[in-house]
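A structural walkthrough
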Amino acid sequence: MDIILSILSPDVIFPVLFAMTFGIFVGGLPGLTATMAVALIIPISYYMSPLAGLGMVLGVSFTSIFSGDIPATFLRIPGTPASGAATLDGFELAKKGKGSLALTLDLFCSAIGGLIGILLLILIAPPLANFALQFTNFEYFWLGLFGLSMSAVLSKGNMMKGLTSAVLGLAISTIGIDITTGYPRFTFGNIELMDGIGFIPAMIGLFGISEVLKRVQQGAAKLQLPPITEKVKISPIEALKIIWKEKMTLIKAAFVGTFIGALPGAGADIAAWVAYGVEKKTSKNSEDFGTGNIKGVIAPTSANNAALGGTWIPALVFGVPGDTITAIVLGAMLMYGLKPGPLIFTESRELVNGVFGIAVLANILMIPIGYLGIKAFAQVLKLKTSVVLTGVVLFSMIGSYAIRNSYFDIYVMLAFGFIGYIMERLAVPLAPMILGIILGPMVEDNLRVGLIKTGGSMNQFFTRPISLVLFLLILLVFLGGPTVGLLKKAFKSKKS
Amino acid sequence: MKKLLVFLVIALIASSLLFSVDYPRKAVSVICPWGAGGGTDRVARYVADELSKALGQPFTVVNRTGGGGAVGHSAGVYAAPDGYTITLVTLEIANMHWLGLTTITYDDFDYIAQFNEDAAGVIVKADAPWNTVHELLADIKANPNKFFFSGSSAASIWDLARIGMFSEAGVPVDSVTWIPTTGAAPSIIELLGGHVDVITCSIAEAASQLDSGQLKALAVMSDERLQRFPNVPTLKEQGINWSAGTWRGISVPKNTPTDVKAILEAEVLKIANSEAFKEFMDINGFGIKIRNGVEFYEFAKQQDSAWKSVLELGGFIQ
Amino acid sequence: MNIKNIFFGISLLVLSGLIFFFGSSFPNYVVRGNKLPGPKFFPFTMAVIIIILGAYYIIKSLIMIKLKRIPKDAALAPSDKITLDGIKNVIAIIAGIIVFVPLINLLGFILGATIISTALMIILNVKVWRSLVYSVILVVAIFLIFGMVFKIPLPEGIVVAMFQG
């Protein structure tokens, strides 16, 4: 009871509301990530009580991850790295004039997914964290490959082209300093390239700029954005009805998301892609994916918000950050005199409960705040298309620059915009390339560090129990579909 | 044309005179070569805030990350030497040019003041069989090639700290396997999961795991015991003459006006000596080490040659 | 579409050639006399796969041309004809992004970005005065959000600095 009262007191709830509105704003702007939103809210939160301060951090991370989906859906520009998957079915729905439907579902699923993530955090944090500790290079290598196998799923129609796109992404990911030897690869002496191709400018270019180029090359006469004024207004109750029908999709994605978030070294972005892939792989009508299937909207958005709960698990249980957001959160906790680690549950039980309470509340409050965010964004789209497209170009440039104050990244964005534009003309899907860029280091570094540990032997990649399970899972993804198909055919021919 | 040139020269001189009496007249950028949210960033933001309060103009932290610190340090060196871009330098300025990652060296900066030094710790799991660093080293000598060490990437400061310790203690440098990771935090996870045996990283980074009893520190590579960890013996008291760690301070591009440097040095030293700063650093587990501009320059110079010899020991450079 | 795929295949072959060329100088990785996969290993593996894929597209397309068949995924590629107007627009956007950095460094963010934005809108068929109004609003908004609120350093411009100095 005390907890509820302390959460609802005005000096907690108002800062949290402010932070959440701020998060919607930051997440919706390309180039400003959820991590940045949290980093920006921290200096303000220092002046608050620990409960209000941590509540602000939670609120801002939840809303910014959601609102990254808004520009991804309307304009195909992911607002945050975690919204990459929303450019698939969400954007296709928007093209059909169902953008608000997609985003309303997105909003509700973000909130529910976030809630599931938090509930899992409350219920099974310690055992899940201990399980995640079992993962080392061998397991992460397979997990990375498992993620890559999703690229086959992400390519509509042509598996070969999807594979090509992913391999190109992997090749791009080798640019920069090699962490096992410290040798700079393909940098041509340019220090800007030493950390590799910036993932965010690449993504903004590949999805956003290529879309602009595609639009404008149709000539001025045809410049048109998808209509956003919908004949059918969607009420919250209807949205919930649709979600109820797809509840399994949501729950599955939220579990996948929380689990991936709990693994140190994988965050909301990977969670969203994997959830999308898993959903498509297990769905009956998987051909619809990529053409505006609402399952393709629900799965990634539920997973990325659930992953936020997941990333707090290693942070709270061991005091080690699972991603960049929790790295900042840990710093904040130290400032409040909290000691993250196993003792936090006994030493600061009350505060931990309070934080859990705020996390639940934040997910509920997200619905009205997010709704206003969608409305506000939709207003922008009522402008003339040429104006919106020019605005997109400006925001893409400044967003790419802002991520690490580097002009070089504007040119990276342009290069990827052009690559994306050409790739689409050749019917090569873009999403697998992004997946390759994200997962490349995970696959390569873990394979090589794993081999350092074994002295060059591959044995441990197959003999460790979790490794073996992951390996079999990948086999299932690659061979599962065709095998089942063959069996069915064989069965049918026998019958007839 | 000539007239214009003369005018420009006069304008430049006039403006530099103006600067010297009145600094800062506008916002100052503080370049942080490491990412938002990390330890260095936190220190940078604190110092920038205090400088804004003291000097009445905004000091804004600009994160210029990449290349293991190379990008930020280069940006700091190549900025206009007018005092409106200052850099939070870290240890990497003294070793990355040896690795060929950049052409800039410690000598490309003018030094304002140092305020931090974090020593490396020798950290193992709480249930590990060793209780002193000598037990550990003896075990390594008896079982070469058996143990995994980690802490960060290969040739990083924490790898070098280990190499220096081995060489001082007479243990062959390649008798353990260094497992490269992307930083201290992932190596702590590897250690907690039992996938590596020992980590040598900043003892401050492992503070919460040490406090909660998940990990134990066998030694710290500082000259004297740390206030924050009074029970952890130094290598020196155990007869191994080696200390190593990272450090942070403020620097400006070469040829910055002397008056500007004097103002900055006075203010940074004032901040570094304040109670509030001590409290901030304690909470975050950072160590305090204060050196003024001249001492800081000498220190950077000494570090530059010290790390070169360790890099040679490790076989990273010939 | 077959021609396009041949083009794609050739580009892939060129790319893998570049990877081999620039990667050949990467050092080997030896731990205690034991040669392990080094910096070359992963890029070269990718390059080999890229060669195979490139060859696949070229050979398959040549066969398809012989058989006078069109690949299945032809429907997925945009079928619209490239018009002169379209090419002009694409070049304008790319040029605008290329010129952006030097221009804002010279004239400062507000002036430079306004010029780029106005020019792009005019090329995309917005009336001149409208372009200007929209651009000023847009640029000032970006300046306030990114420059003031988020403290992203935006250039003042060499010209402006000269006048101030």
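What follows concerns the overall build of chain B. In terms of helices and strands, chain B carries 11 helices and 10 strands. Taken against the 2.2 N^0.38 rule, which gives 20 Å for 318 residues, the C-alpha radius of gyration of chain B at 21 Å falls within 12% of a compact globule. In terms of its C-alpha atoms, chain B occupies a principal-axis envelope of roughly 80 × 45 × 30 Å. Residue burial in chain B is summarised as follows: out of 318 residues, 54% are buried.

Before going further, it helps to spend a moment on the overall build of chain A. Within chain A, the secondary structure is distributed over 22 helices and 2 strands. Rg of the C-alpha trace for chain A: 22 Å, near the compact-globule value of 23 Å for 496 residues, within the 12% margin. Overall, chain A is about 65 × 65 × 60 Å in size when its C-alpha atoms are taken along their principal axes. The 496 residues of chain A split such that 64% are buried. Long-range contacts, defined here as pairs at least 24 residues apart, represent 77% of the contacts in chain A between residues at least 6 apart.

Below, the discussion takes up the packing of helix 7 (residues 99–133) of chain A against helix 14 (residues 294–318) of chain A. Residues and elements named next belong to chain A. The geometry of helix 7 relative to helix 14 is characterised by a closest axis approach of 6 Å and an angle of 30° between their N-to-C directions. Crossing handedness for the pair helix 7 and helix 14: right-handed. Looking at the contact of helix 7 with helix 14, its residues break down into 26 nonpolar, 9 polar and 1 charged.

A word on the pairing of strand 8 (residues 215–220) of chain B. Residue and element names in this part refer to chain B. Of all the 6 residues making up strand 8, 6 are buried; the element is thus mostly covered by neighbouring parts of the structure. Sheet topology places strand 4 (residues 109–125) next to strand 8; 5 bridges connect them, and they run antiparallel. When the sheet's bridge partners are listed, Val 122 is paired in strand 8 with Ala 219.

A few words now on the domain arrangement of chain A. Residue and element names in this part refer to chain A. Domain assignment breaks chain A into domain 1 (2–144 + 196–404) and domain 2 (464–496). Each side of the interface is counted separately: domain 1 has 7 residues, and domain 2 has 7 residues. Residue contributions to the side of domain 1 that touches domain 2 peak at 4 residues, all from helix 8 (residues 137–154). In terms of residue class, the side of domain 1 that touches domain 2 is made up of 4 nonpolar, 1 polar and 2 charged.

Residue and element names in this part refer to chain B. Partitioning chain B into domains gives domain 1 (18–117 + 245–313) and domain 2 (119–238). Opposite the 13 residues of domain 1 that make contact, domain 2 presents 16 residues. Per-element accounting of the side of domain 1 that touches domain 2 gives the leading share, 4 residues, to helix 11 (residues 293–313).

Axis angle and axis distance: for two packed helices, these are the angle between their axes and the distance between the axes, and together they describe the pair. Residues and elements named next belong to chain C. Contact pair helix 3 (residues 84–107) / helix 4 (residues 109–123): the axes reach a minimum separation of 8 Å and the direction vectors enclose 165°. In terms of orientation, helix 3 and helix 4 fall into the roughly antiparallel class. Where helix 3 crosses over helix 4, the two elements pack in a sense that is right-handed. Contacts between helix 3 and helix 4 involve Asn 89, Ala 92, Ile 93, Gly 96, Val 99, Phe 100, Leu 103, Ile 104, Leu 106 and Leu 107 on the former and, on the latter, Phe 109, Leu 111, Gly 112, Ala 113, Ile 115, Ile 116, Ala 119, Leu 120 and Ile 123.

Moving on, we get to the interface of chain C and chain A. Tallying the contact residues gives 54 residues for chain C and 52 residues for chain A. Taken together, the elements giving at least two residues each to the side of chain C that touches chain A come down to helix 1 (2–23), strand 1 (29–31), strand 2 (34–36), helix 2 (41–67), helix 3, helix 4 and helix 5 (128–149) of chain C. Here the side of chain C that touches chain A takes 12 residues from helix 3 of chain C, the largest share from any one element. In the side of chain C that touches chain A, the residues fall into 41 nonpolar, 8 polar and 5 charged.

Time to look at the environment of C:Ile152. Mapped onto the elements of the fold, C:Ile152 is located in the loop between helix 5 and helix 6 (158–164). For C:Ile152, a count of 23 C-beta atoms within 10 Å translates into the label buried. Residues within four places of C:Ile152 in sequence aside, it is in contact with A:Ala402, A:Asn405, C:Phe146 and C:Gly147.

Residues and elements named next belong to chain C. If you check the backbone angles, Lys 68 has positive phi at about 55° while not being a glycine. Locating Lys 68 in the fold gives a position in the loop between helix 2 and helix 3. C-beta crowding within 10 Å serves as the criterion here: with 7 such atoms nearby, Lys 68 is assigned to the exposed category. Although it is not a glycine, Asn 125 adopts a positive phi angle of roughly 70°. Topologically, Asn 125 is positioned in the loop between helix 4 and helix 5. Classification of Asn 125 by C-beta neighbours within 10 Å gives partly exposed; the count is 16.

Residues A:Val38, A:Val256, A:Ala271, A:Ala275, A:Ala303, B:Val30 and B:Ala217 are the most contacted members of the largest nonpolar core, which totals 305 residues. A total of 19 residues in this core trace back to one element, the largest contributor, which is helix 7 of chain A. The contacts of A:Val38, once residues within four sequence positions are left out, are A:Val57, A:Val60, A:Ser61, A:Ile325 and A:Ile328.

Attention shifts here to the environment of C:Thr114. Residues and elements named next belong to chain C. Relative to the helices and strands, Thr 114 resides in helix 4. Using a count of 23 C-beta atoms within 10 Å as the deciding quantity, one classes Thr 114 as buried. Separated by 48 residues in sequence, Thr 114 and Met 162 place their C-alpha atoms 20 Å apart.

Attention now moves to the pairing of strand 3 (residues 85–90) of chain B. All names here are of chain B. Of all 6 residues that make up strand 3, 6 are buried, and the element is covered over most of its length. What you see with strand 3 is no split at all: Thr 85, Thr 87 and Val 89 on one side and Ile 86, Leu 88 and Thr 90 on the other are buried throughout. The pairing of strand 1 (residues 28–32) with strand 3 spans 3 bridges and is classified as parallel. Within strand 3, the residue paired with Val 30 across the bridge is Ile 86.

Let us now look at the environment of B:Val61. Residue and element names in this part refer to chain B. The topology assignment puts Val 61 in strand 2 (residues 59–63). Classification of Val 61 as partly exposed rests on a count of 19 C-beta atoms within 10 Å. Not counting residues up to four positions away in its chain, the partners in contact with Val 61 are Val 30, Cys 32, Ala 44, Arg 45 and Ala 48.

Here the focus is the confidence of the model for chain B. When the pLDDT values of chain B are averaged, the result is 87; 93% of them are 70 or greater. Note on the complex model: pTM 0.82, ipTM 0.93.

With that out of the way, let us pick up helix 5 (residues 133–142) of chain B. Think of an α-helix as 3.6 residues a turn; residues three or four steps apart then line up on the same face. All names here are of chain B. Of all the positions in helix 5, only Val 133, Leu 136, Leu 137 and Ile 140 are classed as buried. Seen end-on, helix 5 carries its buried residues on one side only, within an arc spanning 95°. In this fold, the buried residues of helix 5 make contact with strand 4, helix 6 (157–169), strand 7 (198–202) and strand 8.

Calculation notes
Residues numbered from 1 in each chain as written. Chains lettered and ligands numbered in written order. Predicted model: local features only at pLDDT ≥ 70, side-chain atom pairs only at ≥ 80, totals over all residues. Helix = DSSP H or I, 4+ residues; strand = E, 2+ residues; numbered from the N terminus. Rg over C-alpha atoms; globule rule 2.2 N^0.38 Å. Buried ≥ 20, exposed ≤ 12 C-beta atoms within 10 Å, placed from the backbone. Contact = placed C-beta atoms within 7 Å. Axes fitted to C-alpha atoms, helices over the stretch in contact; angles between N-to-C directions. Left-handed = near helix turned anticlockwise from the far one by under 90°. Nonpolar A, V, L, I, M, F, W, Y, C, P; charged D, E, K, R; others polar. Pairing = 2+ DSSP bridges. Domains from an automatic or database assignment. Parallel < 35°, antiparallel > 145°, perpendicular 65-115°, else oblique. Core = buried A, V, L, I, M, F, W, Y, C linked by C-beta atoms within 7 Å. pLDDT = per-residue confidence, 0-100. Arc of directions from axis to C-beta.

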